[in-house]
Amino acid sequence: MTLLAGIMGGIALLLACIGVYAVTMYSVLQRMREIGVRTALGAAPRQLFALVLRQSMLPIALGLLAGLVLSLLLTPLLSSLLLECDLPTSRPSFIGALMLSTAG
């Protein structure tokens, strides 16, 4: 059962990473003309990268914050599902739970 949950968590994490990449790529494609104009006016590639990074970090930061809050709230449920694992004091388990909650 634990192996199946781990596999499903890994798949969820992979799908979340693909989703973040797709949304970032879509926003860049929507602003392609603006990026072209900025490049023509002399913007350095480093500046363009920083622009895209700033705009994509807001949803990521919100997702991480929501995942942290949910993982703190769901700690009692997770500790009842895991045998012989004290979830609040076990840092690797808590970090894994945080990663899984942000993936969903």
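Up top is the structure these notes are about.
Numbering of residues starts from 1 in each chain and follows the order in which that chain's sequence is written. Per-residue local features are limited, in this predicted model, to residues with pLDDT of at least 70; the limit for side-chain atom pairs, both in listing and counting, is 80 or more; totals at the level of whole chains, interfaces and linings are taken over all residues. Processing note: side-chain calculations cover all non-hydrogen atoms of the structure and skip hydrogens and water entirely.

(A) Looking closely at empty space enclosed by the protein. Put simply, the grid is 1 Å and covers the protein atoms alone, a cavity is a trapped set of points that fit a 1.4 Å probe, a pocket is an open set with protein on both sides within 12 Å along at least five of seven lines, and lining residues have an atom within 4 Å of a point. Grid points are joined across faces, edges and corners, and a volume is the space filled by probe spheres set on the points. With the rule as written, the count across this model stands at one cavity of 30 Å³ or more. What lines the largest cavity is simply Ser-27, Val-28, Arg-31, Ile-35, Leu-51, Val-52 and Gln-55. Helix and strand labels come from DSSP, where a helix needs a run of H or I of at least four residues and a strand needs a run of E of at least two; each type is numbered from the N terminus. Within the residue set of the lining of the largest cavity, elements represented by two or more residues are α1 (2-30) and α3 (45-73).

(B) Structural context of the packing of helix α2 (residues 32-40) against α3. Interaxial distance between α2 and α3 falls to 10 Å at its minimum, and their mutual angle equals 150°. Judged by the inter-axis angle, α2 sits roughly antiparallel to α3. You can see that α2 and α3 cross each other, and the crossing is right-handed. Along the contact surface, α2 presents Glu-34, Ile-35, Arg-38 and Thr-39, while α3 presents Leu-48, Leu-51 and Val-52. Axis definition: a line fitted to C-alpha atoms, over the contacting stretch in the case of helices. Angles run 0 to 180 degrees between N-to-C directions. Each angle is binned into one of four classes, with values under 35 degrees roughly parallel, values over 145 roughly antiparallel, values of 65 to 115 roughly perpendicular, and all other values oblique. Crossings are sorted by hand: turned counterclockwise from the far helix by less than a right angle, the near helix makes the crossing left-handed, and turned clockwise it makes it right-handed. By the convention used here, residues are in contact when the closest approach between their heavy atoms is within 4.5 Å.

(C) The arrangement of α3 in detail. Helices are assigned an expected span. That span is 1.5 Å times one less than the residue count. With 29 residues, α3 extends 42 Å from end C-alpha to end C-alpha; this agrees with the ideal 42 Å at 1.5 Å per step. The largest bend in α3 is about 30°, located at Met-57, with the proline Pro-59 one to four residues further on. Throughout, the bend at a residue refers to the angle made by two axes, fitted to the seven residues ending there and to the seven starting there.

(D) Quick peek at the environment of Met-25. Take Met-25: it is sitting in helix α1. Judged by relative accessible area, which is 34%, Met-25 ranks as partly exposed. The sequence separation of Met-25 and Val-52 amounts to 27 residues, and the corresponding C-alpha distance is 9.6 Å. Three labels apply to residues, based on accessible area from a 1.4 Å probe with only protein chains included: buried if under 20% of the type maximum, exposed if over 50%, partly exposed otherwise in between.

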